[in-house]
Amino acid sequence: MIAVQVFGKIKNKKSVIEYAENVLCDVGKNITELLEVDIKFVTQLSSGDYGYCLGDEEYAEIVVAKNIEGVPVPYREMMVTLAHELVHAKQFAFNEECCEIECHDKEESLFEKHWKN
């Protein structure tokens, strides 16, 4: 079972939750235990990154930046970043090695498949 919560100011919060759940169900088809995922939209990350994910087999925290060096990130790009980080959440859930290649390979197709707005 997957439980997603979204924090921070972001439009279409309900759609973002549904999107995240659908992406996780797609990439993590064999998730049978409870996986809690908190998604936080923040103004900017000091690292200058678009986002990051930390987690383990039961919990993942995803942070997505709304600005990079003071420039707003387009909404679509935030959702692609979220898909990327959700793949990392799946990697943590299955105790897999963190693999950027898998995330980059899947982010765009996951966005296209699951984003409904």
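Our subject in this report is the structure included herewith. Small disclaimer: the values here were computed from a predicted structure and weren't measured. (Residues numbered from 1 in each chain as written. Predicted model: local features only at pLDDT ≥ 70, side-chain atom pairs only at ≥ 80, totals over all residues. Heavy atoms only, no water.)

Turning our eyes to something else, we now look at helix H1 (residues 13-27). End to end, H1 covers 21 Å across 15 residues, agreeing with the expected 21 Å (1.5 Å per residue, within 8%). Where H1 is concerned, the buried positions are Val16, Tyr19, Ala20, Val23, Leu24, Asp26 and Val27. Down the axis of H1, the buried set is contained in an arc of 160 degrees. They therefore lie on one face. Those residues of H1 hidden inside the fold are in contact with strand S1 (2-7), strand S2 (35-44), helix H2 (75-93) and helix H3 (100-114). (Helix = DSSP H or I, 4+ residues; strand = E, 2+ residues; numbered from the N terminus. Expected span 1.5 Å × (residues − 1). Buried < 20%, exposed > 50% of the residue type's maximum accessible area, 1.4 Å probe, protein only. Arc of directions from axis to C-beta. Contact = heavy atoms within 4.5 Å.)

In this section: the layout of surface pockets. One number sums up the size of the largest pocket: a volume of about 150 Å³. Around the largest pocket, the lining residues are Tyr50, Gly51, Glu77, Val80, Thr81, His84, Glu85, His88, Glu100, His104 and Glu107. Among the elements that make up the lining of the largest pocket, the one with the highest residue count is H2 (six residues). Of the residues contributing to the lining of the largest pocket, the split by class is two nonpolar, five polar and four charged. (1 Å grid on protein atoms, 1.4 Å probe; cavity = no way out; pocket = protein on both sides within 12 Å on 5 of 7 lines; lining within 4 Å. Points joined across faces, edges and corners; volume = space filled by probe spheres on them. Nonpolar A, V, L, I, M, F, W, Y, C, P; charged D, E, K, R; others polar.)

Turning to the packing of H2 against H3, a few remarks are in order. Angle between the axes and distance between the axes are the two parameters that describe a pair of packed helices. The contact between H2 and H3 brings their axes to 8 Å, and the two run at 130 degrees. Classified by the angle their axes make, H2 and H3 are oblique. Between H2 and H3 lies a crossing whose hand is right-handed. Of the residues in H3, those touching H2 at Arg76, Met79, Val80, Ala83, His84, Val87, His88, Lys90 and Gln91 are Glu100, Glu102, Cys103, His104, Lys106, Glu107, Glu108, Leu110, Phe111 and Glu112. Its residues placed into classes, the contact of H2 with H3 shows seven nonpolar, four polar and eight charged. (Axes fitted to C-alpha atoms, helices over the stretch in contact; angles between N-to-C directions. Parallel < 35°, antiparallel > 145°, perpendicular 65-115°, else oblique. Left-handed = near helix turned anticlockwise from the far one by under 90°.)

Bringing a negative patch on the surface into the picture now. On the surface, Glu33, Glu36, Asp56, Glu57 and Glu58 cluster together into a negatively charged patch. Mapped onto the elements, glutamate 57 comes out in the loop between strand S3 (51-55) and strand S4 (59-68). (Patch = residues over 30% accessible without salt bridge, like charges linked within 9 Å, V, L, I, M, F, W, Y side chains within 5 Å. Areas by Shrake-Rupley, 256 points an atom, 1.4 Å probe, with all protein chains shown as cover. Salt bridge = Lys/Arg side-chain N within 4 Å of Asp/Glu carboxyl O. Lys, Arg positive; Asp, Glu negative; His and termini not counted. Charge placed at Lys NZ, Arg CZ, Asp CG, Glu CD.)

Attention shifts here to unusual backbone geometry. Positive phi outside glycine occurs at asparagine 12, with the angle close to 60 degrees. Along the chain, asparagine 12 falls in the loop between S1 and H1. The class of asparagine 12 is partly exposed, set by a relative accessible area of 36%. You will see that glutamate 69, though not glycine, has its phi angle at about 50 degrees, which is positive. Here glutamate 69 lies in the loop between S4 and strand S5 (71-72). What makes glutamate 69 exposed here is its relative accessible area of 70%.

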